[in-house]
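Okay, here's what each chain looks like letter by letter:
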Amino acid sequence: MAETTKIKTIGVLTSGGDAPGMNAAIRAVVRHGLSKGMKVYGIYRGYTGLMEEDIREMRAGDVSDTIEKGGTILKTARCKEMRTPEGIARAVEVCHKYGIEGLVVIGGDGSYRGAEKLANEGINVIGVPGTIDLDIACTEYTIGFDTAVNTAMEAIDKVRDTSSSHERCSIIEVMGRAAGYIALWCGIANGAEDIILPEKYDYDEQKLIDNIIDNKRRGKTHHIIINAEGVGHSASMARRIEAATGIETRATILGYMQRGGSPTCKDRFFASIMGAYAADILAEGKTNRVVCYQHGEFVDYDIEEALVMQKEIPAYEYEVSQIL
Ligand code: ATP
């Protein structure tokens, strides 16, 4: 990779939902950027902080003792103004004011859409996939997913213990926004009796009810249903299932605990490599790219191309989840 670079100043921000491992990514952008002779600005509170000039120059020491921390030291935000021409114009103005020649955006696909709009206005952007949802089509891995599924898996194991003891049915709702990857992984890893994914659910609740009654007849002491946030309504579903089956049914919504906590080794590793990769491709002079992991390699795609890619729940993984 190029040793010296024409790019002198870059910025880094985190946007959308926080994800464990974002700090490792920030750290890698900062330290790798500095090693290439670039000045690195940390932009606080995502696009909101960019517009409000909540910006500080980062030194190597500013990211010390952060790799093991959950959340994001740069804070994050969902910024409505980025969806308006005035907001985009303001963000562009601030980038010019600070001389930011490359902006690293660590976030989910929504954050990428904001970045694409900046790219259309001539700001060079690099996306790094940071979301627990694993729902960015161009990459097989997104920073935060591994920590989130492990946190959810451990919590579900605990609910299962109490569910078995009370011979209950438990509906456990996991995060993932419109995507079912966390539900799929936990469904398989926790040995759930049913998995409800937004991509696959046909809203045939009677099938679930029949399955619960059948399992009870076969002597099962619990019935775990993993429901994805994208389907939701776990509490009302539990009420209807209890009424139809006569089996005590409780809903547990795991919620924000899935986004917190110290990142796993996998998240720290992927975040570090992806953050460094972002600084490298900026140094190489590449523009408007997103960093991805595909077929065992770290690669980059044009942001516009990346945003039109589609991703589906892998058919084989889903089939296996239904059999196990
Ligand atoms: P997560 O997957 O964790 O929710 P995300 O990046 O997808 O992360 P969003 O809330 O969808 O989270 O997007 C983050 C921010 O990106 C938004 O608050 C907004 O500022 C910007 N953004 C999202 N979509 C657009 C869009 N279509 N145009 C401009 N900006 C956008």
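So, here is what we can say about the structure in this document. (Residues numbered from 1 in each chain as written. Predicted model: local features only at pLDDT ≥ 70, side-chain atom pairs only at ≥ 80, totals over all residues. Heavy atoms only, no water.)

Take the pattern of salt bridges next. Under the definition given, this model contains 19 salt bridges. Across the salt bridge formed by Asp18 and Arg259, the nearest N and O atoms sit 2.9 Å from each other. On the criterion of sequence distance, the pair formed by Asp18 in the loop between strand S1 (9-14) and helix H1 (22-35) and Arg259 in the loop between strand S9 (249-253) and helix H9 (265-283) is long-range, its members being 241 residues apart. We note that Asp18, like Arg259, is buried. Here Arg45 and Asp54 are joined by a salt bridge, their closest N and O atoms 3.1 Å apart. Judged by relative accessible area, Asp54 falls into the buried class, the value being 19%. Residues joined by salt bridges that share partners form a network here, namely Arg45, Glu52, Asp54 and Arg56. (Salt bridge = Lys/Arg side-chain N within 4 Å of Asp/Glu carboxyl O. Helix = DSSP H or I, 4+ residues; strand = E, 2+ residues; numbered from the N terminus. Buried < 20%, exposed > 50% of the residue type's maximum accessible area, 1.4 Å probe, protein only.)

What follows deals with the layout of surface pockets. Size it by volume and the largest pocket reaches roughly 580 Å³. Every residue lining the largest pocket is counted, 28 residues in all, and those nearest its centre are Arg78, Arg83, Gly110, Ser111 and Arg177. In terms of residue class, the lining of the largest pocket is built from six nonpolar, 10 polar and 12 charged. Taken as a whole, the second largest pocket spans an internal volume of roughly 410 Å³. (1 Å grid on protein atoms, 1.4 Å probe; cavity = no way out; pocket = protein on both sides within 12 Å on 5 of 7 lines; lining within 4 Å. Points joined across faces, edges and corners; volume = space filled by probe spheres on them. Nonpolar A, V, L, I, M, F, W, Y, C, P; charged D, E, K, R; others polar.)

Turning to the side chain of Asn227, a few remarks are in order. Mapping Asn227 onto the fold places it in strand S8 (residues 223-228). The class of Asn227 is buried, set by a relative accessible area of 0%. One polar contact links Asn227 to Ser234, side chain to side chain, over a distance of 3.0 Å. (Polar contact = N/O pair within 3.5 Å; in protein donor to acceptor, adjacent residues only side chain to side chain.)

This part covers the site of the ligand. Around the ligand sit 18 residues, and of these Arg78, Cys79, Ser111, Lys117 and Arg177 come closest. One of the backbone nitrogen or oxygen atoms of Cys79 is found 2.6 Å away from an oxygen atom of the ligand. Between the ligand and Thr131 there is a distance of 3.0 Å, counted from an oxygen atom to a side-chain nitrogen or oxygen. Starting from 620 Å² of accessible surface for the ligand in isolation, the protein chains cover 91%. The site holding the ligand turns out to be the largest pocket. Looking at which element gives the most residues to the shell around the ligand, the answer is helix H4 (residues 109-120), with six residues. Class assignment for the residues of the shell around the ligand results in three nonpolar, eight polar and seven charged. (Near = heavy atom within 4 Å. Areas by Shrake-Rupley, 256 points an atom, 1.4 Å probe, with all protein chains shown as cover. Sits in = over half its atoms within 2 Å of the grid points.)

In total, this model carries nine aromatic pairs according to the counting rule given. Geometrically, the ring pair formed by Tyr41 and Tyr98 is edge-to-face, given 5.4 Å between the ring centres and 85 degrees between the ring planes. Within this pair, whereas Tyr41 is found in strand S2 (residues 39-43), its partner Tyr98 is found in helix H3 (residues 85-98), the two being separated by 57 residues in sequence. For Tyr41, a relative accessible area of 11% corresponds to the buried category. Residues Tyr201 and Tyr203 carry aromatic rings whose centres are separated by 4.5 Å and whose planes lie at 50 degrees to one another, so their mutual orientation is tilted. You can call Tyr203 exposed: its relative accessible area is 57%. Of the aromatic side chains, those joined through ring pairs into one cluster are Tyr141, Phe145, Trp185, Phe269, Phe270, Tyr293 and Phe298. Here the basic side chain of Arg56 rests over the ring of Tyr44, its NZ or CZ set 3.9 Å away from the ring centre. Lying across the ring of Tyr318, Lys200 places its NZ or CZ 5.0 Å from the centre. (Phe/Tyr/Trp six-rings, centres within 6.5 Å; stacked < 30°, edge-to-face > 60°. Lys NZ or Arg CZ within 6 Å of the ring centre and 35° of its normal.)

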